[in-house]
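# Architecture at a glance
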Amino acid sequence: LYGQLQYRLFHTSPIPETVIMGRDGWFFINGNEQNSFVGDFKFSPEELENFRLELEYRKEYIERLGGKFYFMVVPSKNVIYSDQMPYTVHAKSKESWGQQLNAYLKAESKVSVIDAYPALSATHAAEMTYLKLDNHWNERGAFYASNAIVEAMHADFPMLHPKPKSDFEVVQTAIGTGN
């Protein structure tokens, strides 16, 4: 009852340490996802280098087994839908942790980085790609991310091609809950 009162009457989160209420009824996870969006605790040069070394070790291991290794940071809803964050939240940096890591790896590593940020950012205004009450992407977001994966893999696997939206039937469903 308390939670419903906070949410419906006062338009505030009943658990602000876990969930942030954004604009237009959007919910965002607080904690690490929020810290990443705001720009708190950026990776140090040593942490970035440790990521690079670990990912290159994994890449070499997979390639010794005859496979291909790709790396993708899943963009957080906080970053993609930053325009729905509450007016009281301001980013100190234009770069989230994932974007910082992607940029470092692209510049300093042999790892194939799949960057889903551009695809999800470009479509977020025209189509909802994340769930409003949840921190996960929806089927549309998965479509754009999977096409980014296929585009990146196309150089190694020419038989792979991104699928056009026209190949799919879009069915609208209402989801009233989230995590």
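Residues numbered from 1 in each chain as written. Predicted model: local features only at pLDDT ≥ 70, side-chain atom pairs only at ≥ 80, totals over all residues. Heavy atoms only, no water.

The subject of this paragraph is the overall build of the protein. Scanning the protein from terminus to terminus reveals seven helices and four strands. The order of α-helices and β-strands along the protein, N terminus first, is α-β-β-α-α-β-α-α-β-α-α. For the protein, the spread of C-alpha atoms along the principal axes amounts to about 60 × 45 × 25 Å. Of all intrachain contacts in the protein linking residues separated by at least 6 positions in sequence, the fraction that spans at least 24 positions is 67%. Roughly 11,100 Å² of accessible area belongs to the protein as shown, and the carbon and sulfur atoms make up 58% of that amount. Measuring between centres, the 17 positive side-chain charges of the protein sit 2 Å from its 22 negative side-chain charges. (Helix = DSSP H or I, 4+ residues; strand = E, 2+ residues; numbered from the N terminus. Contact = heavy atoms within 4.5 Å. Areas by Shrake-Rupley, 256 points an atom, 1.4 Å probe, with all protein chains shown as cover. Lys, Arg positive; Asp, Glu negative; His and termini not counted. Charge placed at Lys NZ, Arg CZ, Asp CG, Glu CD.)

Right, let's get into the environment of Lys165. Position of Lys165 relative to the elements: it lies in the segment after helix H7 (139-153). With 135 residues separating them along the chain, Lys165 and Asn30 place their C-alpha atoms 33 Å apart. Apart from residues no more than four positions distant in its own chain, Lys165 is found in contact with Glu127, Phe143 and Tyr144.

Between its first and last C-alpha, helix H5 (residues 97-108) extends 16 Å over 12 residues, near the 16 Å set by a 1.5 Å rise per residue. Within the span of H5, buried status applies to Trp97, Gly98, Gln100, Leu101, Asn102, Tyr104 and Leu105. Elements in contact with the buried residues of H5: helix H2 (32-38), helix H3 (45-64), strand E3 (70-72), strand E4 (112-114) and helix H6 (117-123). (Expected span 1.5 Å × (residues − 1). Buried < 20%, exposed > 50% of the residue type's maximum accessible area, 1.4 Å probe, protein only.)

Moving on to a nonpolar patch on the surface. Residues Leu5, Leu9 and Phe10 make up a contiguous nonpolar surface patch of about 310 Å² in total accessible area. Tracing the backbone shows Leu9 in the loop between helix H1 (2-8) and strand E1 (19-21). (Patch = residues over 30% accessible without salt bridge, like charges linked within 9 Å, V, L, I, M, F, W, Y side chains within 5 Å. Salt bridge = Lys/Arg side-chain N within 4 Å of Asp/Glu carboxyl O.)

Glancing now at the confidence of the model for the protein. In the predicted model, the protein carries a mean pLDDT of 89, and 98% of its residues have values of at least 70. Mean pLDDT values over the elements of the protein span from 78, in H1, up to 98, in H3. (pLDDT = per-residue confidence, 0-100.)

Glancing now at unusual backbone geometry. Phi is mostly negative for residues that are not glycine, and the peptide bonds are mostly trans. Unusually for a residue other than glycine, Asp24 sits at a positive phi of about 55°. Looking at the element boundaries, Asp24 is found in the loop between E1 and strand E2 (27-29). Overall, Asp24 belongs to the exposed group, its relative accessible area being 58%.

Moving on to the packing of aromatic side chains. Applying the stated criterion across every chain, the model contains eight aromatic pairs. Look at Phe43 and Phe51: their rings are 5.1 Å apart centre to centre, the planes differ by 70°, and that puts the pair in the edge-to-face class. In this structure Phe51 comes out as partly exposed when scored by relative accessible area, which is 32%. With a centroid separation of 6.0 Å and 75° between ring planes, the pair formed by Tyr81 and Tyr130 is classed as edge-to-face. Note that Tyr81 is positioned in the loop between helix H4 (77-80) and H5 and Tyr130 in the loop between H6 and H7, a separation of 49 residues in sequence. Take Tyr81 and Tyr130: they sit in the same class, and that class is buried. (Phe/Tyr/Trp six-rings, centres within 6.5 Å; stacked < 30°, edge-to-face > 60°.)

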